[in-house]
2 protein chains.
Amino acid sequence: MATTPFIHDVPAAEALAAWREACAAAGCPARVEAVRLPLSAALGRVTAEPVWATRSSPPFDAAAMDGIAVRAGDTLGAGETTPILLDPGSYEVVDTGDPLPGDMDAVVMREHVHYEGDAAELRAAVPPYQHVRSIGEDVSAAELLLPEGHRLRAMDVAAAAAAGATDLVVRRRPVVWVLPTGDEVRPIGEHTGPGEILDTNSLMLCAQAEEAGCEAVQMPIEPDDPERIAAAARAAAGECDLLILVAGSSAGRDDYTASVVERLGTLAVHGVAVRPGHPVVLGAIDSTPVLGAPGYPVSAALTFDIFAAPLLAGLEGSGARERPRARARLARKLASSMGMDDWVRVRLGRVGGALVATPLPRGAGVLTSLVRADGLLVVPAGLEGHHPGEEVDVDLLRGIGEIGRTIVAIGSHDLVLDLAASALRATDPDVTLASSNVGSLGGLVALRDGLCHVAGSHLLDPSSGAYTLPYVERVLGGRDVAVVRLVHRDQGLIVAPGNPLDVGGIDDLAQPGLRYVNRQRGAGTRVLLDHELARREIAADAVSGYAREEHTHLAVAAAVAAGRADCGLGVLAAARAFGLGFVPVAQEPYDLVMAAEALEDQLLAPLWELLASPQFRSSVEGLGGYGTDEMGRRIL
Amino acid sequence: MATTPFIHDVPAAEALAAWREACAAAGCPARVEAVRLPLSAALGRVTAEPVWATRSSPPFDAAAMDGIAVRAGDTLGAGETTPILLDPGSYEVVDTGDPLPGDMDAVVMREHVHYEGDAAELRAAVPPYQHVRSIGEDVSAAELLLPEGHRLRAMDVAAAAAAGATDLVVRRRPVVWVLPTGDEVRPIGEHTGPGEILDTNSLMLCAQAEEAGCEAVQMPIEPDDPERIAAAARAAAGECDLLILVAGSSAGRDDYTASVVERLGTLAVHGVAVRPGHPVVLGAIDSTPVLGAPGYPVSAALTFDIFAAPLLAGLEGSGARERPRARARLARKLASSMGMDDWVRVRLGRVGGALVATPLPRGAGVLTSLVRADGLLVVPAGLEGHHPGEEVDVDLLRGIGEIGRTIVAIGSHDLVLDLAASALRATDPDVTLASSNVGSLGGLVALRDGLCHVAGSHLLDPSSGAYTLPYVERVLGGRDVAVVRLVHRDQGLIVAPGNPLDVGGIDDLAQPGLRYVNRQRGAGTRVLLDHELARREIAADAVSGYAREEHTHLAVAAAVAAGRADCGLGVLAAARAFGLGFVPVAQEPYDLVMAAEALEDQLLAPLWELLASPQFRSSVEGLGGYGTDEMGRRIL
């Protein structure tokens, strides 16, 4: 058996510099070739030489207003009481943009001209060059219009045309080839058997390359065979400006990227001080840069951002595109291990005027954490983390305006919130409902701490039998709070189709051999389970699998569907979604809690409108196990 | 003659709402059609329906580390002094991502396993689900992955693949047709005669549509003939989702857009309270939205941003893309007339830690003001402007990081600065030199006010005959200032080729009939002229054209080249650029002034390196009329 493999922790900036140096030493070109493109095809490309104007714009002295062109000298002495008359020949009618005729050098606005027969009457003298756009006012011939290394936008190509260009010399798009590796990897669209995974990384890396303005080619998947990987890599290196090898970048039994790169060319870096993304390979094969990306999707995505994107921009002779940035207050403590840049995905919300960042799950395998993220926060290698409430810089993945127009829901997970999110967006693209699932109790605490607009809750108070309100009093006591009913829903035991183990209810959970899958502490469903166990005097550790915690109803159902558990408490809709059996346990209300003033907030108005809509109610009932009679009713 | 035409001042938001209403009433579709695209083709498109997961990811409980899979229950009691041995069969070697075999429910990291023969020795008990990625950890089947109306990024398509999708239902790209009009408008690439202009607006508007993710089609230019414009517009309306008519949107003699739209369909708005951009036409022909854009290029560009972009995003079911925003301190007073949103282009610079915004020329015809702008600042209709030093919100056109890495030069114009800007960028894409031309004196004042890093100056002090230093003392007295020589340069009278009027020098400027073109007050060249006139006792008003002020050497040369003036004072390089004659008047030093501490600033280091480079010196000498012997020498 292998001992701990030798992977370094090279700081990101150092790794990038080492990679660039190694590429230069291996003879990789500093820039991709320059090509001459017509203006209409040059948009988004980077200039490969400075663009000098060869023509002035406007190319003549031009009228800047509709009116008459005159000689300023002819108007000397004109005034309210001493009007002067200009005969035809001493003035000429011009429209905006017309060239100034002959030796005329000023324009009088149409509104200030009166006519006495053919003669134009002026009641004010006119300074030379009044309302005239001088030749070259916009750009003079021989002026530097754009420097080399400038990424062309719409106004740039138009200005280049005005300055006399019909085509421009620009860098061609860099070409990126992506080579997926792994015995267990299957192309998207194919059936995956046990232990097999889909090649989502190649799709993502190609898409990232396209977002960076490159051409991307996805190669066929190679198995974990160093010879085949080497052959494919060598063939690819001759065809592209950057080769990305996917997975196999660590030092496991089937990880060949580092050794292949070392054998065929230069291995510059193996392992960077970045998390997620640690096992990165940077090198060159022949005269082509090679990036070995880790197989975890978040690692792969960040590796592209941190290493491939700046390298590719450099090949175009341009700086890497940068993300806008904002300051936000951290919702909770954020621990981070020293020695690694920690890239944390965060949700952002503008609650009570302040921008608040809530960290998302940090696993390198949780791609949805990147999908749902509004921003990225880097805890630098030298820090152990941040305190709650600390102000941090966040790189934005969504527009700050859109973030400000987002209804932030934190609390219990329910499919109805998902349905509402999509329905709101469909009605008005400017409305976003973002929900984070931290359980009912976590939602109330988030509301107390000013982290969300609404908290979804279905917390049973065992002593009173009442739902949510006793907890609102406990967590938010003394505040002016409103509670709006969302739905009633059926909770029950989600079991295999046909209930083969014949689970009858909570009483059976202590049955030996029955594998339960639980929800996390603070979840309303967990409270319900604990209550039901307690009143039957069943001890938690008598329930096999009690320690396995999932964060959503659907994750519980997924575990049952996969045969990794025999049952778990959850809503009917989740069981239905997987075609599973369902043993009813209780019906419970699910409510939305918020500050009372939020009821009047414009931001939330679309949500109240939605809850009143009969179409929405019937689509909720279509999920199964939901009652909408009280939907939208204020209960506190 | 027509009286003042009837154009309204409809506030922008109201105008957009009225346009949308009119479009709905005319039967324009609310959304473009949905199409089903493979994932790899869906990047950048907007979802037309919610994306629900049909597959969990990971689809099985998987090892999250390289190591061995075990049953947690088998490890109870293991400790440093009570190791336990697991026989083969009770453990299985797994790599990251492998499914957990059989009923195994935890993973021990490779580093923590020792082997005694075949048996694995553990010195710590393992909790259930340690180092296991639960089925559905990333996404559970039946979960809402993406709402309707979501613009797809790389991570979104990858997550959709992981969640079981192979294609997605998205909105097709909206199609924009652009119809240029005007007798004087010529296609790009054609020769323009007197009074003719190039059709740069269609190029720009098509490019803006492409930047907004649309397909764009540029139509042939139609002359100012309402029948032909109407026929072309009606034909186009059937083919596209938005028709843009270029120019003719005002109420001049040849402005037909409003009447054509009114005749063929609905004229919703004519004239908006936006500057530049006031004469905008918004309406619909048949069931297609129509935008009549003004002919001034800055107006056309802003009109697209303010009206077309949100309409097109709405057709995709998405919110309009937004620009990042920053707060900046205004460099100088900014006046604005009430009643109009005033869109001001600004340069931004980070000088001494603060972000400072300097307004650029505000003419609607100055497209280069948009090219050179780092941001846009809107002075709302209700304000008369801003005080100097006031904090304002700026929409960014360049990344804030790039802006922070920009050397800001304000002062006298010289071609050598243009050359330096391009050479710096070519060497390192991360370095930008942005220079604004406000004349030598303006540059020193800007430096004093903390608006720039360096000020280019060649100010003659007539009493001492010395250049720049006396002014530095006057404007920046008491500060620790450094002055670095850039070049010596030849100033002289720029005249027509072959000097047909036989201009001999300054003495001839008062010659009757000779048309001079001047530089603006505060320009070093203007100071030089005034000095030369004064010592000859020639009065300024004896010089015909003394009042015509241009802001650069090249603009002076352009005026002479176009025959609008007979001569003007400027540098040899400008005369050469236009193939003009040149009558030497003086040789003068051109210097860079800065705070002494700036010499040590990392930001400016590339500039000093450049000035020391022999290649750069020789390319400067190639311009003609420049001496580089003292280039880079600190003279104060």
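Residues numbered from 1 in each chain as written. Chains lettered and ligands numbered in written order. Predicted model: local features only at pLDDT ≥ 70, side-chain atom pairs only at ≥ 80, totals over all residues.

Here's the deal with the overall build of chain A
Along the backbone of chain A there are 16 helices and 37 strands. The globule rule puts the C-alpha radius of gyration for 636 residues at 26 Å, and the 34 Å found for chain A is more than 25% above it. Taking the principal axes of the C-alpha coordinates as reference, chain A spans close to 110 × 70 × 45 Å. Per-residue burial over chain A gives 57% buried out of 636 residues. (Helix = DSSP H or I, 4+ residues; strand = E, 2+ residues; numbered from the N terminus. Rg over C-alpha atoms; globule rule 2.2 N^0.38 Å. Buried ≥ 20, exposed ≤ 12 C-beta atoms within 10 Å, placed from the backbone.)

Quick word on the domain arrangement of chain A
Residue and element names in this part refer to chain A. Split by domain assignment, chain A resolves into domain 1 (12-31 + 174-316), domain 2 (34-57 + 138-171), domain 3 (62-133), domain 4 (325-404) and domain 5 (440-627). Between domain 1 and domain 4, the C-alpha centre-to-centre distance is 27 Å. Counting residues at the interface gives eleven residues for domain 1, matched by twelve residues for domain 4. Only β19 (274-275) and α6 (297-316) provide two or more residues apiece to the side of domain 1 that touches domain 4. No other element matches α6, which puts five residues into the side of domain 1 that touches domain 4. (Domains from an automatic or database assignment. Contact = placed C-beta atoms within 7 Å.)

Focus: the sheet that holds strand β21 (residues 288-293) of chain A
Residues and elements named next belong to chain A. Pairing is mixed across the open sheet formed by six strands, whose spatial order is β16-β13-β17-β21-β20-β18. Pairing within the sheet leaves two strands with one partner each, and these edge strands are β16 (215-218) and β18 (265-270). In this sheet, adjacent strand axes meet at a mean angle of 20° when their direction is disregarded. Alignment of strand β20 (residues 281-285) against β21, held across five bridges, turns out to be antiparallel. Among the inter-strand pairings, Ala284 is bridged to a residue of β21, identified as Pro289. (Pairing = 2+ DSSP bridges. Axes fitted to C-alpha atoms, helices over the stretch in contact; angles between N-to-C directions.)

Here we look at the relation of the copies chain A and chain B
Screw-axis analysis of chain A against chain B gives a translation of 0.0 Å along the axis, an RMSD of 0.1 Å, and a rotation angle of 180°. What the superposition gives is, in effect, a two-fold axis relating one chain to the other. Minimal C-alpha separation from the rotation axis in chain A is found for Pro324 of chain A, amounting to 2.9 Å. (Least-squares fit on C-alpha atoms with pLDDT ≥ 70 in both.)

So, the interface of chain A and chain B
Counting residues at the interface gives 105 residues for chain A, matched by 106 residues for chain B. Each residue belonging to the side of chain A that touches chain B can be placed in one class, and the counts come to 52 nonpolar, 28 polar and 25 charged. (Nonpolar A, V, L, I, M, F, W, Y, C, P; charged D, E, K, R; others polar.)

With respect to helix α11 (residues 469-476) of chain B
All names here are of chain B. Among all positions of α11, only Tyr471, Val472 and Val475 are buried. Down the axis of α11, the smallest arc covering the buried residues is 105°, so these residues share one side. Turning to α11, the residues buried within the fold contact α10 (440-448), β31 (455-457), β32 (481-495) and β36 (581-595). One or two positions beyond α11, positive phi appears at Gly478, with a value near 90°. (Arc of directions from axis to C-beta.)

Focus: the packing of α10 of chain B against α11 of chain B
Residues and elements named next belong to chain B. Relative orientation of the contacting elements α10 and α11 amounts to 40°, with a least axis distance of 10 Å. Relative to α11, α10 is oriented oblique. Considering how the two elements wind past one another, α10 and α11 form a crossing that is right-handed. Residues Leu441, Leu444, Val445, Leu447 and Arg448 of α10 pack against Tyr471, Val472, Val475 and Leu476 of α11. In the contact of α10 with α11, the residues fall into eight nonpolar, no polar and one charged. (Parallel < 35°, antiparallel > 145°, perpendicular 65-115°, else oblique. Left-handed = near helix turned anticlockwise from the far one by under 90°.)

Observations regarding the nonpolar core
Within the largest apolar cluster, 225 residues are counted, with the highest numbers of intra-cluster contacts made by Leu243, Ile244 and Ala557 of chain B. It is helix α6 (residues 297-316) of chain B that provides the largest number of residues to this core, a total of twelve residues. When neighbours within four sequence positions are excluded, Ala557 of chain B is seen to be in contact with Ile494, Gly570, Ala574, Ala575, Ala577, Phe578 and Leu580 of chain B. With 224 residues, the next largest nonpolar core counts Ala237 and Leu509 of chain A together with Tyr129 and Val157 of chain B among its residues. (Core = buried A, V, L, I, M, F, W, Y, C linked by C-beta atoms within 7 Å.)

Quick word on the sheet that holds strand β9 (residues 119-122) of chain B
Residue and element names in this part refer to chain B. Spatially, the three strands line up as an open sheet ordered β5-β9-β8, and their pairing is antiparallel. Of all the strands in the sheet, the pair left with one neighbour each is β5 (84-86) and β8 (114-116). Each strand of the sheet is rotated relative to its neighbour by a mean of 40°, with strand direction disregarded. Bridge count for β5 against β9 is three bridges, and the pairing is antiparallel.

With respect to the confidence of the model for chain A
For chain A, per-residue confidence averages 93 on the pLDDT scale, and 99% of positions sit at 70 or higher. What the predictor reports for the complex is a pTM of 0.93 with an ipTM of 0.93. (pLDDT = per-residue confidence, 0-100.)

A few points about the environment of Met204 of chain B
With respect to the helices and strands, Met204 of chain B occurs in helix α3 (residues 200-211). Remark: the alpha-carbon pair of Met204 of chain B and Ala300 of chain B, spanning 96 residues in sequence, is separated by 8.6 Å. If near-sequence neighbours (up to four positions away) are discounted, Met204 of chain B is found in contact with Ala154, Met155 and Ala158 of chain A together with Pro297, Ala300 and Ala301 of chain B.

A few points about the environment of Pro128 of chain A
Among the secondary structure elements, Pro128 of chain A is positioned in the loop between β9 (119-122) and β10 (132-133). Take Pro128 of chain A: there are 17 C-beta atoms within 10 Å of it, and that puts it in the partly exposed class. Through-space distance from the C-alpha of Pro128 of chain A to that of Tyr256 of chain A is 77 Å; in sequence the pair is 128 residues apart. Those residues in contact with Pro128 of chain A, other than ones at most four positions away along the chain, are Ala72, Asp105 and Ala106 of chain A together with Ala547 and Arg548 of chain B.

As for the environment of Asp199 of chain B
The topology assignment puts Asp199 of chain B in the loop between β15 (197-198) and α3. Dropping the residues within four chain positions of it, Asp199 of chain B is found in contact with Pro180, Val185, Arg186, Pro187, Ile188 and Ile221 of chain B.

Things to note about helix α5 (residues 257-264) of chain B
Residue and element names in this part refer to chain B. Thr257, Ala258, Val260 and Val261 are the residues of α5 that are buried. The buried residues of α5 occupy an angular sector of 165° when projected down its axis, which confines them to one face. The inward-facing, buried residues of α5 contact α4 (226-237), β17 (242-246), β18 (265-270), β20 (281-285) and β21 (288-293).

Things to note about unusual backbone geometry
Residue Pro58 of chain A is bonded to the preceding Ser57 of chain A through a cis peptide linkage, with omega at -5°. Along the chain, Pro58 of chain A turns up in the loop between β2 (51-52) and β3 (62-63). Positive phi is not limited to glycine here, since Asp502 of chain A has a value of about 55°. Its 10 C-beta neighbours within 10 Å are what place Asp502 of chain A among the exposed residues. Despite not being glycine, Ala142 of chain B shows a phi value in the positive range, around 75°. For Ala142 of chain B, the position within the fold is in the loop between β10 (132-133) and β11 (144-146). Under the C-beta neighbour-count criterion, Ala142 of chain B is labelled buried, with 27 such atoms within 10 Å.

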